[in-house]
Amino acid sequence: MRKALRDNGLSIGFGLLFLAALVGQAFAGQADFNDRQLAEAGRQVTLVQYVTSSDFAVDVAENWQSEYLQFFLYVFATVWLVQRGSPESKLVGKTGTESDEEQKLGEYTTEDSPAWARAGGWRTAVFSRSLGAVMGALFVLSWLAQSIAGRSAYNAERLAQLQDPLSWLGYVGSADFWNRTLQNWQSEFLAIGSIVVVSIYLRQRGSPESKPVGDPHDTTQDSG
Amino acid sequence: MACAWAVAGCGAGQRGEEAGAAAEAFVAALAEGDGAAACGLLSPEAVEQVVSQEGKDCEAAVLALGLPAEASGTAEVWGDRAQVKTGSDVLFLAELEDGWKVVAAGCAPQGERPYECEVEG
């Protein structure tokens, strides 16, 4: 049990942080929603009603989609783009999908390579792109959920303000949808750009996101 | 109640029917000259506005407004709000503790801006 906790500390730790933050968001969001309901002479909602509402769903989904977009783009961008000196980058000159030898494919697979890496053909082709593909699919699904929940929440707001509701296409072209989307995207792109550049010059002893403290600034792809 | 707070709109479902029935009861009360019944279907804020605008009690004031009284159409429901378009009017409703109530009636479109309504609470 103790070994399982130790071996999976990162995923368990962040899983618990995620749940705690989501619960906090539910309470804060309910209070905020009920404040707005008072202003618009609407009825108050319980916590259960709030967490099953489109208002809660759109606030959750708009953040999820941007996080999955961040990782989707990062996974793909780092195949082709490099940053000299950054532990987030592979070596300059290694851009592209690399050779079978470097990727341990074909005749270079080992006995403990994953089955689909050893299989060859379409299975290996799919497995070779599975990380980016799943991140991309989660991004698309979250963004779709944002558009559906966002339309529902926005239309309730529009009706409260005596305006006609919008169709799904009308909402996807609306300022509300793009404001929610882009305010999340810009922060994700800033965060990635920051860690790539700052990690060239700064260190965090013991973190795989950092180079070893004594490494020179121009060392790329090294962590410790 | 599940549909009430569902992510997707459920205007054609049971809640749409309930909102549509409230709107229909409101216009039917107007058509029959039953001010008390019409006032019972208005939100508290709408009652206040009607009374203060006409300077009469709600029962008389709501009939004095001359609101369109055609049979109501289908309702579009989003969250706790609904819109019902009839042949000659647009009604807005809210789902309050005691059911669907009319918050705005006698509404005319103003392009991109909100509807202007004779009753607006």
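Values in this document were obtained by computation on a predicted structure and should not be read as measured data.

Conventions we followed
Residues numbered from 1 in each chain as written. Chains lettered and ligands numbered in written order. Predicted model: local features only at pLDDT ≥ 70, side-chain atom pairs only at ≥ 80, totals over all residues. Heavy atoms only, no water. Pairing = 2+ DSSP bridges. Helix = DSSP H or I, 4+ residues; strand = E, 2+ residues; numbered from the N terminus. Axes fitted to C-alpha atoms, helices over the stretch in contact; angles between N-to-C directions. Buried < 20%, exposed > 50% of the residue type's maximum accessible area, 1.4 Å probe, protein only. Domains from an automatic or database assignment. Contact = heavy atoms within 4.5 Å. Buried area = accessible area lost by both parts, 1.4 Å probe. Salt bridge = Lys/Arg side-chain N within 4 Å of Asp/Glu carboxyl O. Polar contact = N/O pair within 3.5 Å; in protein donor to acceptor, adjacent residues only side chain to side chain.

Okay, the sheet that holds strand β3 (residues 90-96) of chain B next. All names here are of chain B. Spatially, the 5 strands line up as an open sheet ordered β1-β2-β3-β4-β5, and their pairing is antiparallel. Unpaired on one side and paired on the other, β1 (75-78) and β5 (113-120) mark the two borders of the sheet. Between one strand axis and the next, the sheet turns by 30° as a mean value, whatever way the strands run. Bridge analysis of strand β2 (residues 81-85) against β3 gives 5 bridges, and the strand direction is antiparallel. Each residue of the ladder has a partner; that of Arg 81, found in β3, is Ala 94.

This next bit is on the pairing of β2(B). Residues and elements named next belong to chain B. For β2, the buried fraction is high: 4 of the 5 residues fall into the buried class. Adjacent in sequence and paired antiparallel, β1 and β2 are bridged by 2 residues, among which Gly 79 carries a positive phi angle near 60°. Counted along the chain from β2 to the antiparallel partner β3, the turn is 4 residues long.

Residue and element names in this part refer to chain A. In terms of domains, chain A is made up of domain 1 (1-52) and domain 2 (54-98 + 126-223). The C-alpha centroid of domain 2 is placed 21 Å from the C-alpha centroid of domain 1. Domain 1 puts 10 residues into the contact, and the matching count from domain 2 is 9 residues. Of the roughly 740 Å² buried between domain 1 and domain 2, counting both surfaces, carbon and sulfur atoms make up 57%. Broken down residue by residue, the surface that domain 1 buries against domain 2 is led by Gln 25, Glu 40 and Tyr 50, which jointly contribute 50%. At the junction of domain 1 and domain 2, the tally comes to 1 salt bridge. Between Asp 55 and Arg 36 there is a salt bridge, with its nearest N and O atoms 3.8 Å apart. The interface formed by domain 1 and domain 2 contains 0 residue pairs in polar contact (both at pLDDT 80 or more). For the side of domain 1 that touches domain 2, the elements supplying multiple residues, two or more each, are α2 (9-39) and α3 (47-51). The biggest single contributor to the side of domain 1 that touches domain 2 is α2, with 6 residues.

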